[in-house]
Amino acid sequence: MSKLNYTGVYHMVEQENMDAYLEALDINFALRKIVCLLKPTKDITHDPATGAMKIRTITTFKNFNMDFTIGKEFTEDLGPVDGRTCQTTVSWEGDKLVCVQRGEKEGRGWTHWLEGDKLHLEMRVEGVIAKQVFKKAN
């Protein structure tokens, strides 16, 4: 089965439970409040043939870049997020991209999937789940 191409620019339109998710990552109160006010943009470049993917999360406060190849474990520097590093693997489960981040925090990772012009993101850590929905720019 050919995999979906996630390439595009997506703007956040919905968010839920972000404060609890950030608290589970030990992010301080003031920074959590700032992050919860942000409306990030995702700029994704994806080559389905090679599995290479670049996800740029862009905000007015701080940007985060993630470059990886689907199915290959890599060391991820989450310094801009919570100061940690972890061993990360992103793989396909059907048409969903599932990320497992092994490190100090249990059950950490995320899942991305597309529904029409919407990019869904579910982030997990220690049993806490936050969700964001992004709409593809025209």
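Description of the structure in this document. (Residues numbered from 1 in each chain as written. Predicted model: local features only at pLDDT ≥ 70, side-chain atom pairs only at ≥ 80, totals over all residues. Heavy atoms only, no water.)

**Overview of the overall build of the protein chain**
At step 1: Along its length, the protein chain carries three helices and ten strands.
At step 2: Mapped from its N terminus to its C terminus, the protein chain presents α and β elements in the order β-α-α-β-β-β-β-α-β-β-β-β-β.
At step 3: Relative to the compact-globule value of 14 Å for 138 residues, the protein chain shows a C-alpha radius of gyration of 14 Å, a close match.
At step 4: Each principal axis of the C-alpha atoms in the protein chain carries an extent, and together these give about 45 × 35 × 25 Å. (Helix = DSSP H or I, 4+ residues; strand = E, 2+ residues; numbered from the N terminus. Rg over C-alpha atoms; globule rule 2.2 N^0.38 Å.)

**Focus: unusual backbone geometry**
At step 1: Positive phi values are uncommon outside glycine, yet asparagine 17 reaches one of about 65 degrees.
At step 2: Among the secondary structure elements, asparagine 17 is positioned in the loop between strand E1 (8-16) and helix H1 (18-24).
At step 3: Judged by its relative accessible area of 41%, asparagine 17 falls in the partly exposed class.
At step 4: Here the phi dihedral of aspartate 26 falls at roughly 65 degrees; this positive angle occurs in a residue that is not glycine.
At step 5: Structurally, aspartate 26 is set in the loop between H1 and helix H2 (29-37).
At step 6: The exposure class assigned to aspartate 26 is exposed, which follows from its relative accessible area of 52%. (Buried < 20%, exposed > 50% of the residue type's maximum accessible area, 1.4 Å probe, protein only.)

**A short note on the side chain of histidine 120**
At step 1: Relative to the helices and strands, histidine 120 resides in strand E9 (residues 118-125).
At step 2: Assessed through its relative accessible area of 15%, histidine 120 is described here as buried.
At step 3: Ignoring anything within four residues of it in the chain, the contact list for histidine 120 reads Thr111, His112, Trp113, Glu115, Gln132 and Val133. (Contact = heavy atoms within 4.5 Å.)

**Brief notes about the nonpolar core**
Nonpolar side chains in soluble globular proteins generally cluster together in the buried interior.
At step 1: By size, the foremost hydrophobic cluster in this structure holds 30 residues, and its most contacted members are Tyr21, Met53, Met66, Phe68 and Trp110.
At step 2: Leave out the neighbours within four places in its chain, and tyrosine 21 touches Met123, Arg124, Val125, Val128 and Ala130. (Core = buried A, V, L, I, M, F, W, Y, C linked by side-chain atoms within 4.5 Å.)

**Things to note about the sheet that holds strand E6 (residues 84-93)**
At step 1: Read across the sheet, ten strands follow the order E4-E3-E2-E1-E10-E9-E8-E7-E6-E5 without closing on themselves; strand pairing throughout is antiparallel. Each of the sheet's edge strands pairs with one partner strand only, and the pair in question is strand E4 (64-69) and strand E5 (74-78). Taking each pair of neighbouring strands and ignoring which way they run, the sheet shows an average axis angle of 25 degrees.
At step 2: As defined by bridge partners, strand E2 (residues 41-47) adjoins strand E3 (residues 52-58) across seven bridges and the pair is classed as antiparallel. If you follow threonine 45 over to E3, its bridge partner there is lysine 54. (Pairing = 2+ DSSP bridges. Axes fitted to C-alpha atoms, helices over the stretch in contact; angles between N-to-C directions.)

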